[in-house]
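Geometric and topological summary
What follows is the residue order along each chain.
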Amino acid sequence: MADHAQEHAHDTAHAEGHDHDEHPVDNFWTKYIFSTDHKMIAKQFLITGMFMGLVGVFMSMLFRLQLAWPGESFPILETFLGKWAPDGVLDPNMYLALVTIHGTIMVFFVLTAGLSGTFSNLLIPLQIGARDMASGFLNMISYWFFAASSVVMLTSLFVETGPASGGWTVYPPLSALPQAMPGSGAGMTLWLVSMTLFVGGSLIGSLNYIVTVINLRTKGMTMTRLPLTIWAFLVTAILGVLSFPVLLSAALLLIFDRSMGTSFYLSDIMVAGELLSNQGGSPILYEHLFWFLGHPEVYIILLPALGITSEVIATNSRKPIFGYRAMIGSILAIAFLSFVVWGHHMFITGMNPFLGSVFTFTTLLIAIPSAVKAFNYITTLWKGNIQFTPAMLFSIALVSTFVAGGLTGIILGDSALDINVHDTYFVVAHFHIVMGLSAIFGMFAGVYHWFPKMYGRMMNKTMGYLHFWISFVTAYGVFFPMHFTGLAGLPRRYYSSAEFPIFDELHDINVIITFFAIGGGIAQVIFIFNFFYSMWRGPKAPQNPWRSNTLEWTAPVEHMHGNWPGAIPEVQRWPYDYSKPGYEEDFVPQNVPIKKGEHAH
Amino acid sequence: MTGIITIVVLVLAVITALQLMRVFELSSKARKQVEYEVTDRDNNYQGWLMLLFGIAMIVSLFWMLYAWLPLTLPKPASEHGVEIDSLFKISMWVIIAMFLLVQPILFYLAWRYRGAKDRKAAYYEHNNRLEFIWTIVPAIILAVLIIYGMTTWSNVMSPKNEKEPIVVEVYAQQFKWIIRYAGEDNKLGYANVRLIKDANVVGVDTLDLLSADDKVASEIHLPVGRPVLFRFRSQDVIHSAYMPHFRAQMNCVPGMTTQFQFTPSVTTADIRQDANVQAKVARINALRTEKGLESYAYDYLLLCNKVCGSGHFNMQMNIVVESEEEYAKWLAEQKTIAETL
């Protein structure tokens, strides 16, 4: 298989024709399971990510029941959680486990691998005009690392002491000491094994994406003719390569502390009546290592969604994306700044207060390129001819959540204000809106937009509309009210607020949130149904359903190895010539030569 | 039995959906219309829905501010808390203003430029002046907020004292707090988890002379108007000492000591007279009587705000702020370490 991939790679570099008859016929295993074709791997990432997403969202629905009606009995909890919900009342340890695994799954498995893995794989070769990834074999390995890590993570749900429960950040000593909570036993070991595999897969994938974008662009595809999706995927991959190894080092040291008696993070501890011999370590070290990944991770999640949105908004506004170069500049600025802001997660950890000032400064700077992006999206809509496909609706929703959630970052990034809202529901509201909702909306936009490219069939529009509106309304309905419970001082990760009479009057808000959460969760059934129904029964996709400019729509609808029969199209112009004066149609694909006297971008 | 019924209902629901889809497909085939293509009618509907959503969003924002802002924390009970709150208010005004500027524009434009077959979009790639403006304007606003924020932060974290602060140790363990006052000399004796034994719950070194007058307590009492220097330790995992009414928080990290200083400015008795607090207490008590729970009196709180295990959600301690005399009287009643060990 590796040889095939290399063959493709060589051919692509020269953008020559390709003889396909030499390929052996695919069987089930080589086509669907151990595929080295980027289009199939993209689908593998998507389906795995969607499955993990369903698990993650379902978990949030379970713990929302507890938060709205603390201590009440729900038979459904006992059905799914068994001994962790005796008589239908959720166990506090299981509550923490659900919160932890929900966070881990959504951040890493859905919005990192599911989003970036799917669309980087699908779009990089197709949009830059390459026959496949630089290494099809490594690409396959990257998916299988991810699949293995998903299996390990799901397995951890079934161990006797429960899955990891110390929050998705798994700060030691809590996560290092099985005596401190049951979830820090075997469940935590599996969490660490799973994340180690995950980082391995992510690194292999990212290196492949970077090499492909740099080396395999077709003739004429200069860096400033790349669609913004590709810019976003490239920068995301670079962020991943630079930051994921640091998470791995944090996890490795934690494995040493847990299993081999080292003291990287542990010092002077007496837990459950037992005095530990560890001395000299510091949990703050872990926090630094974790957030050195953790903050770039936010942009690893967000940038691909922003890239997808740029493409979808330009196509469906029938207008060039406004300020193409500013968009590239702001992606690069955000990426650079994302490496120097991690300390804003640690203002009140006991870190030197001087560092707090430095991180406040760098953190608030990120608002500038973010504002540029938001304004550029909005200006792209101005004087457009907006086609409301479901993908376009999700993209506009992304701009809305990106603005709504980004603004509260100005509060949290300010060290002085963070003192009182740190780790409250205000934070939960902030990051779910700016990163969770924006990224998941970007992912939905991508699925609706490129479904025809993936499956050669069209998704149902009406169900798409229904799915969008329920998701959009319930998403805000869940997270907007949380700002207020946070400002009332309610800490996150509380199993129940009933022990504090001062939080009694927040009960109504919690009930509202839970209703929206359950409604929003159930609405995803519409999407799942639409997805699988359209995959098998949807109408056949035309060559270029959205009348888009980018190269993937010049490739045949029926998938083939090598993407294009014959020569790869040559790129003659930038990807955003929509509604260009002098052309009959309101789009000019990238492979159409510049006319005489036409002003090239 | 319920299991079987649920499965039957689910299967029927899927079959219904499939049949509906069939009807849908056939009818659109009959109308010679391709389902996935966006028509002018779709654009019109969705454009209007976008506008409606935008309006509903703004209206509900104001409704939430009206209904839920009174539920948020009452006025700060510490000197630096006033500074933090004024910075908070200014930042909040800025972000609400930005929200009210950008969101309506977004949804308005989505509605205004909803597509139609006979329209063509403008070809408008960039405008350096516009882009310069929306880079520089946020930069200026942020510069102001950054400078204001950094000044506040340094005032809070390194306060200038006129009086010597009272030193109090907050000691965290799963899942409770223990308080140690520094005693006459206002100096805490050395302590370490390795020295914990029997009644010596915080591991005080009894050979350290400074420790003899230290006092271990199960409630925090603070005199109004005197700076208090909290020193935080943890016995097992990371906890976070959160005192929301004072706008104060600091993590308690095993293996090291962290600190935070503030000056309480309102006594517990006084805050209970505050109109907003009284309204809050009245609302809460109305809810509690309904549920048959005991009635509640407003108290300052110390709570844990870093997940620390199964009892995390109930790791709390009352804080009483009182006059200098009341505080002195209360402290005199507490036993010193020398007396208890």
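Computed from a prediction, not measured in an experiment: that's the story for all the values here. (Residues numbered from 1 in each chain as written. Chains lettered and ligands numbered in written order. Predicted model: local features only at pLDDT ≥ 70, side-chain atom pairs only at ≥ 80, totals over all residues. Heavy atoms only, no water.)

The helix and strand tally for chain B stands at 8 helices and 10 strands. Relative to the globule expectation of 20 Å for 341 residues, the C-alpha radius of gyration of chain B, 30 Å, shows a markedly less compact shape. With the C-alpha coordinates aligned to their principal axes, the bounding extent of chain B is approximately 95 × 70 × 40 Å. Every one of the 341 residues in chain B was classed for burial, and the buried ones make up 49%. (Helix = DSSP H or I, 4+ residues; strand = E, 2+ residues; numbered from the N terminus. Rg over C-alpha atoms; globule rule 2.2 N^0.38 Å. Buried < 20%, exposed > 50% of the residue type's maximum accessible area, 1.4 Å probe, protein only.)

This part takes up the sheet that holds strand E8 (residues 258–262) of chain B. Residues and elements named next belong to chain B. Reading across from one edge, E3-E2-E1-E5-E8 is the order of the 5 strands in this open sheet, with mixed pairing throughout. For this open sheet the edge positions go to strand E3 (215–217) and E8, each flanked by a neighbour on one side alone. Adjacent strand axes in the sheet meet at a mean angle of 25 degrees, parallel and antiparallel pairs treated alike. Bridge count between strand E1 (residues 166–173) and strand E2 (residues 176–181): 6 bridges; the pairing is antiparallel. Following the sheet pairing, Val170 is matched in E2 by Ile179. (Pairing = 2+ DSSP bridges. Axes fitted to C-alpha atoms, helices over the stretch in contact; angles between N-to-C directions.)

For the rest of this paragraph, the subject is the interface of chain B and chain A. Often, the extent of an interface is quoted as the loss of accessible area on bringing the components together. Every contact between the two is made by 114 residues of chain B and, on the other side, 132 residues of chain A. Approximately 11100 Å² of surface area, both sides summed, lies buried where chain B meets chain A, with 69% of it carried by carbon and sulfur atoms. In terms of surface lost to chain A, no three residues of chain B exceed B:Tyr36, B:Trp153 and B:Phe313, which account for 8% of the buried area on that side. The interface formed by chain B and chain A holds 6 salt bridges in total. Across the salt bridge formed by A:Glu505 and B:Arg283, the nearest N and O atoms sit 2.7 Å from each other. For the side of chain B that touches chain A, the residue count by class is 70 nonpolar, 27 polar and 17 charged. (Contact = heavy atoms within 4.5 Å. Buried area = accessible area lost by both parts, 1.4 Å probe. Salt bridge = Lys/Arg side-chain N within 4 Å of Asp/Glu carboxyl O. Nonpolar A, V, L, I, M, F, W, Y, C, P; charged D, E, K, R; others polar.)

Attention shifts here to the side chain of A:Asn530. Mapped onto the elements, A:Asn530 comes out in helix H18 (residues 507–537). By relative accessible area, which is 0% here, A:Asn530 ends up buried.

Right, let's talk about the confidence of the model for chain A for a bit. When pLDDT is averaged across chain A, the result is 92; 96% of the residues are at 70 or more. A low-confidence stretch, residues 1–21 of chain A (pLDDT under 50), is modelled with 41 contacts involving residues beyond four sequence positions or located in other chains. (pLDDT = per-residue confidence, 0-100.)

All names here are of chain B. In spatial order, the strands read E4-E10-E9-E6-E7; together these 5 strands make up an open sheet with mixed pairing. Unpaired on one side and paired on the other, strand E4 (220–223) and strand E7 (248–252) mark the two borders of the sheet. Within the sheet, the average angular offset between the axes of one strand and its neighbour, ignoring direction, is 20 degrees. Against the sheet, helix H7 (residues 324–333) makes contact with E4 and strand E10 (316–322), and its axis sits at roughly 140 degrees relative to E4, the strand it touches most.

Residue and element names in this part refer to chain B. Domain annotation of chain B identifies domain 1 (41–114 + 127–158) and domain 2 (166–340). Distance between the C-alpha centres of domain 1 and domain 2: 36 Å. Each partner contributes to the interface: domain 1 provides 16 residues, whereas domain 2 provides 19 residues. In total, about 1500 Å² of surface goes out of reach between domain 1 and domain 2, with carbon and sulfur atoms giving 57% of it. The largest share of the area that domain 1 buries against domain 2 comes from Leu73, Pro74 and Ala77, three residues that together contribute 37% of it. Along the contact surface separating domain 1 from domain 2 lie 2 salt bridges. Run the count over domain 1 and domain 2 and you get 12 residue pairs in polar contact (both at pLDDT 80 or more). Secondary-structure elements contributing two or more residues to the side of domain 1 that touches domain 2 are helix H3 (79–112) and helix H4 (128–157). The biggest single contributor to the side of domain 1 that touches domain 2 is H3, with 5 residues. (Domains from an automatic or database assignment. Polar contact = N/O pair within 3.5 Å; in protein donor to acceptor, adjacent residues only side chain to side chain.)

On to the packing of aromatic side chains. In total, this model carries 75 aromatic pairs over all chains according to the counting rule given. The interplanar angle of 50 degrees and the centroid separation of 5.8 Å between the aromatic rings of B:Tyr108 and B:Trp111 together place this pair among those described as tilted. Of the two residues, B:Tyr108 and B:Trp111 are both situated in helix H3; the distance of 3 residues between them amounts to about one turn of the helix. On the basis of relative accessible area, B:Tyr108 is assigned to the partly exposed category, the value being 40%. The side chain of A:Lys595 reaches across the aromatic face of A:Tyr583, ending 4.1 Å from its centre. Looking at B:Arg112, its charged tip hangs above the ring of B:Tyr113, at a distance of 4.7 Å from the centre. (Phe/Tyr/Trp six-rings, centres within 6.5 Å; stacked < 30°, edge-to-face > 60°. Lys NZ or Arg CZ within 6 Å of the ring centre and 35° of its normal.)

Here we take up the nonpolar core. Counting 296 residues, the largest nonpolar core has A:Phe108, A:Phe119, A:Phe531, B:Trp177 and B:Tyr181 as the members making the most contacts within it. For this core, the element with the most residues is helix H5 (residues 92–128) of chain A, which contributes 22 residues. Residue-level mapping places this core at the junction of two domains, with at least three residues from each of domain 1 (41–114 + 127–158) and domain 2 (166–340) of chain B. Residue contacts for A:Phe119: discarding those within four places in its chain leaves A:Ile124, A:Phe233, A:Ile308, A:Met443, A:Gly446, A:Val447, A:Trp450 and A:Met454. Counting 8 residues, the second largest nonpolar core, distinct from the first, contains A:Met270, B:Ile178, B:Ile196 and B:Val204. (Core = buried A, V, L, I, M, F, W, Y, C linked by side-chain atoms within 4.5 Å.)

This part takes up the pairing of E1(B). All names here are of chain B. Across the 8 residues that make up E1, a large majority, 8, are buried. Here E1 pairs with strand E5 (residues 228–234) via 7 bridges, running parallel. Across the sheet, Tyr171 pairs through a bridge with Arg233, a residue of E5. The hairpin turn running from E1 into E2, its antiparallel successor, is 2 residues long.

Our next topic: unusual backbone geometry. The omega torsion of the bond from A:Pro172 to A:Pro173 falls at 0 degrees, within 30 degrees of zero and hence cis. Examined against the element boundaries, A:Pro173 turns out to sit in the loop between helix H6 (136–155) and helix H7 (186–215). Note the cis peptide between B:Gln174 and B:Phe175, where omega equals -10 degrees. Note on placement: B:Phe175 falls in the loop between E1 and E2. For A:Ala272, which is not glycine, the phi dihedral falls at a positive 50 degrees. With respect to the helices, strands and loops of the structure, A:Ala272 is situated in the loop between strand E1 (270–271) and strand E2 (274–275). The phi dihedral of A:Arg318 is positive, around 55 degrees, even though this residue is not glycine. Here A:Arg318 lies in the loop between helix H9 (283–317) and helix H10 (324–337). Classification of A:Arg318 by relative accessible area gives buried; the value is 1%.

Residue and element names in this part refer to chain B. Taken together, the side chains of Phe132, Ile133, Ile136, Val137, Ile140, Ile141 and Val144 make up a nonpolar region of the molecular surface, amounting to roughly 600 Å² of accessible area. Inspection of the secondary structure assignment puts Ile140 in helix H4. Taking relative accessible area as the criterion, Ile140 reaches 51% and is therefore assigned exposed. (Patch = residues over 30% accessible without salt bridge, like charges linked within 9 Å, V, L, I, M, F, W, Y side chains within 5 Å. Areas by Shrake-Rupley, 256 points an atom, 1.4 Å probe, with all protein chains shown as cover.)

Before going further, it helps to examine the environment of A:Ile141. Residues and elements named next belong to chain A. Tracing the sequence through the fold places Ile141 in helix H6. Given the relative accessible area of 24%, Ile141 is considered partly exposed. Sequence separation of Ile141 and Ile41 is 100 residues, and the distance between their C-alpha atoms is 10.0 Å.

Residue and element names in this part refer to chain A. Looking at the secondary structure, you find Tyr448 in helix H15 (residues 425–455). The class of Tyr448 is buried, set by a relative accessible area of 4%. Spatially, the C-alpha atom of Tyr448 lies 16 Å from that of Lys39, the residues being 409 residues apart in sequence. When sequence neighbours within four positions are dropped, the list of residues in contact with Tyr448 reads Pro390, Ala391, Phe394, Met459, Gly464, His467, Phe527, Asn530 and Trp546. There is a polar contact of 2.8 Å between the side chain of Tyr448 and the side chain of His467.

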